[in-house]
Amino acid sequence: MIRIAWLVALKDLRIEARSRVLLWQVLPFGAMALLLSGLALGPTHAGHSSAGPGLFYLVTLFVALLMINRSQAIERTPGTRASIATLGLDPAGVFLGKTLALAIELWVSGVVLLCGAVLVLHTALHGALLALPSILVTLGAMAAAGTLYGALTSGGEGAATLLPVLTLPAFAPLLISGERSFSAALNHGALWQWWVIVVVALVAYLGVGILLYGVLEES
Amino acid sequence: MMKQLSQRLLGPVTLVLLALTFWLGMWVTPPDKVQGDLVRLVYVHPAIAWVALYVSFGTATIASALYLWKRTRSMVMDRVAHCAMEVSVVFIILTLITGSIWGRPTWGVWWAWDARLTSTAILGVLAVGYLALRRANDDPTLRARRSAVFAILSAINVPIIHFSVLWWKTLHQGATVFTANRTLLIHGIMAWTLLISFVAFTLLFFWLLRARYRLEESRDRARSAALATSLDMRRREGAI
């Protein structure tokens, strides 16, 4: 299972490295969205870091939706799914591999957007660094949930528009706990209770994905 | 014989119990010492929420799990899950509306960013998402499988809603009927009216579910008949 996961993750990351969709399309979109969020708040409020964590996670959410769609689009070309099915790969391994690749892409986006938040929204650098581990775990949980929900919508009619409807409610607890832990890191508050929610969500989504991904891929 | 009789009686019994709840709630039970007549919503809102969160969503989740389990996999389970989820959407909307009607005079606002309200609204979006997911897939097997997985994933929200009043100390009140030590908080005619309302709305759910199931079954039968007719016509064209 681990070997298959590794192979699938490398395959997805290689495709991403060659197509450079993340670099030339998704990250510029994220940067633009961050700037627009600052403009929406106005110059007086944008400089106050209290809004920073919420805006950071909101923009990350948009980026995550784009990346989940992208991750599923890789297999959307005719015959690809059938070819993967005939290989007889362990679905749990495929799920873990796709989750790992998506998580790495989200981590890269997260670090870039965090730098953007420090620069544009004046989020304190020390607090941002303290929040980094919780951000990485939150994005990992989002990757696991995103892979699962992406598989649910893939190939269906209007998959791109259906994905946010199904995914956003699932992301809500992750966003809340992620934002709270980020705010706690900025204000030197207690982090552990938000960590618990994010870690439980990560484990739950990984467990459900390992168990049920095969059911979604059955033909 | 007994099955037919219970099916025939389900509708009338539900209507009688709903009328009884209305009569007891509006005229027989006394107003509350603190809330006055506003307390009468307690005979509607908790019962509707009970059906929305536990009975209908629970039925949809159990039917979905039974569909995914190979031994019990059948389109009957898929239809039950679909119909229960549709009824659940109606009851979730009613829960939010009746809650808002109570919230406006009590809290001063129609909507508050309360943990229970927000998590219930999220459940409503999930239930609508389930129906949207079903519409997005034409293949019946794929549709059944995907929606079953989604229903199970969405059910994680139900315990969050249930315990939200304990985990987060926000506006929504805690347990209404029992205390943490299982002591009854409501007595006499008020308790009886509340009990009847729970039974009435639960029966209403099963009545609606049965009606919706029969409609879905007829629709599937009509689809199969239409397909068989078109195949037959193509065969005849080929024979000519």
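Keep in mind that what you see is a predicted model, and the values were worked out from it rather than measured. (Residues numbered from 1 in each chain as written. Chains lettered and ligands numbered in written order. Predicted model: local features only at pLDDT ≥ 70, side-chain atom pairs only at ≥ 80, totals over all residues.)

*Asks:* Go over the overall build of chain B with me, naming the residues and quoting the values.
*Replies:* Per the secondary structure count, chain B includes seven helices and zero strands. Reading chain B from its N terminus to its C terminus gives the helix and strand order α-α-α-α-α-α-α. Projecting the C-alpha coordinates of chain B onto the three principal axes gives extents of approximately 85 × 40 × 35 Å. Among the 240 residues that make up chain B, the fraction classed as buried is 32%. Considering only intrachain contacts with a sequence separation of at least 6, the fraction spanning at least 24 residues in chain B is 75%. (Helix = DSSP H or I, 4+ residues; strand = E, 2+ residues; numbered from the N terminus. Buried ≥ 20, exposed ≤ 12 C-beta atoms within 10 Å, placed from the backbone. Contact = placed C-beta atoms within 7 Å.)

*Asks:* Could you give an account of the overall build of chain A, with specific residues and numbers?
*Replies:* Counting its secondary structure elements, chain A contains nine helices and zero strands. In chain A, the order of α-helices and β-strands from amino to carboxyl end is α-α-α-α-α-α-α-α-α. A globule of 219 residues ought to have a C-alpha radius of gyration of about 17 Å, and chain A, at 18 Å, matches this closely. By principal-axis analysis of the C-alpha atoms, chain A measures approximately 55 × 35 × 30 Å. For chain A, with 219 residues in total, the buried portion stands at 44%. Sequence-distant contacts, at least 24 apart, represent 82% of the contacts inside chain A between residues at least 6 apart. (Rg over C-alpha atoms; globule rule 2.2 N^0.38 Å.)

*Asks:* Break down the confidence of the model for chain A for me, citing the residues and quoting the values.
*Replies:* Put simply, chain A has an average pLDDT of 86, and 97% of its residues get 70 or more. Within chain A, no element has a lower average pLDDT than helix α3 (residues 43-46) of chain A, which sits at 70, and none a higher one than helix α6 (residues 91-120) of chain A, at 92. (pLDDT = per-residue confidence, 0-100.)

*Asks:* Please give an account of helix α9 (residues 192-217) of chain A that cites residues and values.
*Replies:* For α9(A), built from 26 residues, the straight-helix expectation of 38 Å at 1.5 Å per residue is met to within 8% by its first-to-last C-alpha distance of 36 Å. Along α9(A), the largest kink reaches about 40° and is centred on A:Leu211. Of the surrounding secondary structure, the elements contacted by the buried residues of α9(A) are α6, α7 (125-153) and α8 (159-186) of chain A together with α5 (140-154) of chain B. (Expected span 1.5 Å × (residues − 1). Bend = angle between axes of the 7 residues up to and from the residue.)

*Asks:* How would you sum up the packing of helix α1 (residues 2-19) of chain A against α6(A)? Please name residues and give values.
*Replies:* All names here are of chain A. As a packed pair, α1 and α6 sit with axes 7 Å apart at the nearest point and diverge in direction by 40°. Considering the angle they form, α1 stands oblique to α6. In this structure, α1 crosses over α6, and the sense of that crossing is right-handed. Only Gly93, Val94, Leu96, Gly97, Lys98, Leu100, Ala101, Ile104 and Glu105 of α6 make contact with α1, whose side of the interface consists of Ile4, Ala5, Trp6, Leu7, Val8, Ala9, Asp12, Leu13 and Glu16. Classifying every residue of the contact of α1 with α6 by side-chain character gives 12 nonpolar, two polar and four charged. (Axes fitted to C-alpha atoms, helices over the stretch in contact; angles between N-to-C directions. Parallel < 35°, antiparallel > 145°, perpendicular 65-115°, else oblique. Left-handed = near helix turned anticlockwise from the far one by under 90°. Nonpolar A, V, L, I, M, F, W, Y, C, P; charged D, E, K, R; others polar.)

*Asks:* An account of the nonpolar core is needed here, citing residue identities and associated values.
*Replies:* With 104 residues, the main nonpolar core has A:Ala141, A:Met142, A:Ala145, A:Leu152, B:Ala81 and B:Ala84 as its most contacted residues. Looking at which element gives the most residues to this core, the answer is α7(A), with 14 residues. Excluding residues within four positions of it along the chain, A:Leu152 makes contact with A:Leu166, A:Leu216, B:Leu133, B:Arg146, B:Val149 and B:Phe150. (Core = buried A, V, L, I, M, F, W, Y, C linked by C-beta atoms within 7 Å.)

*Asks:* Summarise the interface of chain B and chain A; cite the residues concerned and give the values.
*Replies:* Taken together, the 14 residues of chain B in the interface contact 15 residues of chain A. Looking at the side of chain B that touches chain A, the elements with two or more residues in it are α4 (115-136) and α5 of chain B. With seven residues, α4(B) is the largest single contributor of residues to the side of chain B that touches chain A.

*Asks:* Could you give an account of unusual backbone geometry, naming the residues involved and the relevant values?
*Replies:* All names here are of chain A. Residues other than glycine seldom take positive phi values, yet arginine 20 does so here, at roughly 55°. Mapped onto the elements of the fold, arginine 20 is located in the loop between α1 and α2 (21-41). Its identity as a non-glycine residue notwithstanding, histidine 122 has a phi of 60°, on the positive side. Following the sequence through the fold, histidine 122 ends up in the loop between α6 and α7. The exposure class assigned to histidine 122 is partly exposed, which follows from the 14 C-beta atoms found within 10 Å.

*Asks:* Break down the environment of A:Val112 for me, with residues and values.
*Replies:* Residue and element names in this part refer to chain A. Along the polypeptide, valine 112 turns up in helix α6. Residue classification places valine 112 among the partly exposed residues on the basis of 18 C-beta atoms within 10 Å. Sequence separation between valine 112 and glycine 30 is 82 residues; the distance between their C-alpha atoms is 9.0 Å.

*Asks:* Mind laying out the environment of B:Phe198, listing which residues take part and the relevant values?
*Replies:* Residues and elements named next belong to chain B. In this fold, phenylalanine 198 is placed in helix α7 (residues 188-239). Sequence separation of phenylalanine 198 and isoleucine 48 is 150 residues, and the distance between their C-alpha atoms is 7.9 Å. Dropping the residues within four chain positions of it, phenylalanine 198 is found in contact with Ala47 and Trp50.

*Asks:* Let's hear about the packing of helix α3 (residues 75-107) of chain B against α5(B): which residues, and what values?
*Replies:* All names here are of chain B. One can describe the packing of α3 onto α5 by two numbers: an axis separation of 10 Å at closest approach and a directional angle of 50°. Between α3 and α5, the angle is such that the two are oblique. In this structure, α3 meets α5 at a crossing whose hand is left-handed. Taking contact as the criterion, the partners of Met75, Asp78, Ala81 and Met85 in α3 are, on α5, Ala144, Ser147, Ala148 and Ala151. When grouped by side-chain class, the residues that make up the contact of α3 with α5 number six nonpolar, one polar and one charged.

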